[in-house]
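Topology and contacts: notes
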Amino acid sequence: MAVRWLCSLFGKPFDGGKRMDHGSQQQQQQQQQQHPAMMRLYEVQREVQSLGPQVCTFSGLKNEREYRRLERELTRLLLEVDQVDTEGRADLQGARKRAAQEVEGLLRYLEENATHPSRLAIEELSREAQRLVEQGVVEPQRAGGTAEISDELVDAVQELILKLTQVKTGGRVPLRKARYRALTRLCAVQDVIEGRTRQQTLPLPLSEDTHAAVQKINQIMVQVSGARSQLVALLMGLSGRDSCAHLSRVLTELLVELDALDVSGNAAVRNYRKQVVEEINGLLKHLDLEGEGDDTRRYDLAQNDSIRQIEAVRGRVCQLRGEVLRHCGVGDLFRPKPELQSLLTHLDQVDTARNPCIREARRRAVLEVQAVITFLDLREALICRQPCQNEPQQHRAVWMVLGSLSDLQAQVLCFEGKRADKNYILLEELLTKQLLALDAVDPQGDEMTKVARKQAVKFAQNILSYLDMKTDEWEY
């Protein structure tokens, strides 16, 4: 991979020739270091070392100024390497070739990330979010009105967040940074507009006759409403005039004005002011996102404490699942349900910090635990089943399907492959056949059979969904 050799090239001097004894090697190195061509190649290598980390972490597109700067610098270095006169010497030719390969590799890596399908998908989702927010929030505010946040807008933003979490990055740092930056900004917008939705359901502000300070608080509330739309525009890149720093100063000044109001002796006004202060603080916490994803490593969720907890649970679930399947293979039933239930409790306590990627990672871990629990429950029910002599034929048919589903679920639990694999296609086909078999069962008015068939259908659909989840190549 490009990242591997990029990391390996930094700090490696040109060897310039073949292996030889220590004294001869030192003598040749001294001669090489004095040669103008080798000295120039060393200078190029130092510049490559300086540009390499910038290339490795650039997360933008080809039309951005930083991309053009990096491309221009690397092209200049490549031309300088081509102009180095090697005088026909093999050692200098080898060093020049390696220098050119390093520069070309950086250029290739830079272009690959800026034009990667996942990077373009992130950009398209970001533009779609811009269009939604501009129509639903920014334009009404610019027209002098007040943006009424609809449930449709909130749902649309949530759907875009989910789509962003599903964009594959392949572990590439630039792609992970781009996705993280888009997600954090859209999540912040979601938080702001949800706050606006909550505010729309609150009682109207206090009457100005209540207290002398109420008029001032009401005026500040109007300014806060405008600042909310302004913040959303900033986060989505829809404001060319303002900056996060300017808005931060405005909101801080409003806090100072609120703090200077004398509301002693009136609990209602004091609570009203407190609500406005909380509203402003809620907006201020999002104003540090201007450089988010550029100068932090929070995009690397593999280092996140919550993800580590989730991965530890998944590791333990994998061990328990293996034990369960091994015991089932010899006709025994291993029952680790208490531990599995405790793992669910632990996952429920994991702090997601409203990060959609961490939320999705936790959700998937929960499904993995639940898959083992439901498998154990069905196996236990099949073992304990004692059909009566006059059991309806259609009810017996449902139980036969459940027995087949239990065997198929065991195969799904231990399946480790991709959707193109033959085993996946076979499992999907067999599960679909069981659904068709259930569909063919006629309850003939028997209520117990209706309930059993409904549960069996849900069980089969859950197994299909779990198989689908295991093979969708999701990443956090």
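For the structure itself, look to the data block above.
Presented here is a report on the structure given in the accompanying data block. (Residues numbered from 1 in each chain as written. Predicted model: local features only at pLDDT ≥ 70, side-chain atom pairs only at ≥ 80, totals over all residues. Heavy atoms only, no water.)

Let's shift gears to the overall build of the protein chain. Across its full length, the protein chain carries 17 helices and zero strands. For the protein chain, with 476 residues in total, the buried portion stands at 42%. Counting only contacts in the protein chain whose residues sit at least 6 apart along the sequence, the fraction spanning at least 24 positions is 76%. Only carbon and sulfur atoms are counted for the fraction: they give 49% of the accessible area of the protein chain, which is about 25,800 Å². (Helix = DSSP H or I, 4+ residues; strand = E, 2+ residues; numbered from the N terminus. Buried < 20%, exposed > 50% of the residue type's maximum accessible area, 1.4 Å probe, protein only. Contact = heavy atoms within 4.5 Å. Areas by Shrake-Rupley, 256 points an atom, 1.4 Å probe, with all protein chains shown as cover.)

On to the nonpolar core. Note that soluble globular proteins tend to have their nonpolar side chains buried in a common cluster. Counting residues in hydrophobic clusters, the biggest one holds 100 residues, and the most contacted among them are Ile193 and Ile280. Ala37, Tyr42, Phe58 and Leu106 belong to the second-largest nonpolar core, a separate cluster that totals 26 residues. (Core = buried A, V, L, I, M, F, W, Y, C linked by side-chain atoms within 4.5 Å.)

Moving on: the packing of aromatic side chains. All told, the structure shown has two aromatic pairs when counted by the stated rule. Here the aromatic rings of phenylalanine 58 and tyrosine 67 are separated by 6.0 Å at their centres, their planes lie at 45 degrees, and the arrangement is tilted. Across the pair, exposure class does not vary: phenylalanine 58 and tyrosine 67 are buried alike. Ring centres of phenylalanine 415 and tyrosine 424 lie 6.3 Å apart, and the angle between their planes is 45 degrees; on these two criteria the pair is classed as tilted. (Phe/Tyr/Trp six-rings, centres within 6.5 Å; stacked < 30°, edge-to-face > 60°.)

Okay, the pattern of salt bridges next. Pairing is possible between side chains of opposite charge, provided their charged atoms come close. Inspection of every chain in the model, using the stated rule, returns 32 salt bridges. Note that arginine 335 is salt-bridged to glutamate 380, the shortest N-O span being 3.9 Å. Of the two residues, arginine 335 is situated in the loop between helix H12 (305-329) and helix H13 (337-348) and glutamate 380 in helix H14 (residues 356-384); the sequence distance between them amounts to 45 residues. For glutamate 380, a relative accessible area of 29% corresponds to the partly exposed category. Overlapping salt bridges bring together Arg40, Glu43, Glu47, Glu73, Arg76 and Glu80 as one network. (Salt bridge = Lys/Arg side-chain N within 4 Å of Asp/Glu carboxyl O.)

Residue position: glutamine 394 is located in helix H15 (residues 393-413). According to the relative accessible area criterion, glutamine 394 is buried, its value standing at 14%. Excluding its chain neighbours within four sequence positions, the residues that come into contact with glutamine 394 are Val441, Asp442, Pro443, Gln444, Asp446 and Thr449.

Within the secondary structure layout, arginine 364 lies in helix H14. Assessed through its relative accessible area of 9%, arginine 364 is described here as buried. Discounting residues that sit within four places of it in the chain, arginine 364 has contacts with Met469, Asp472 and Trp474.

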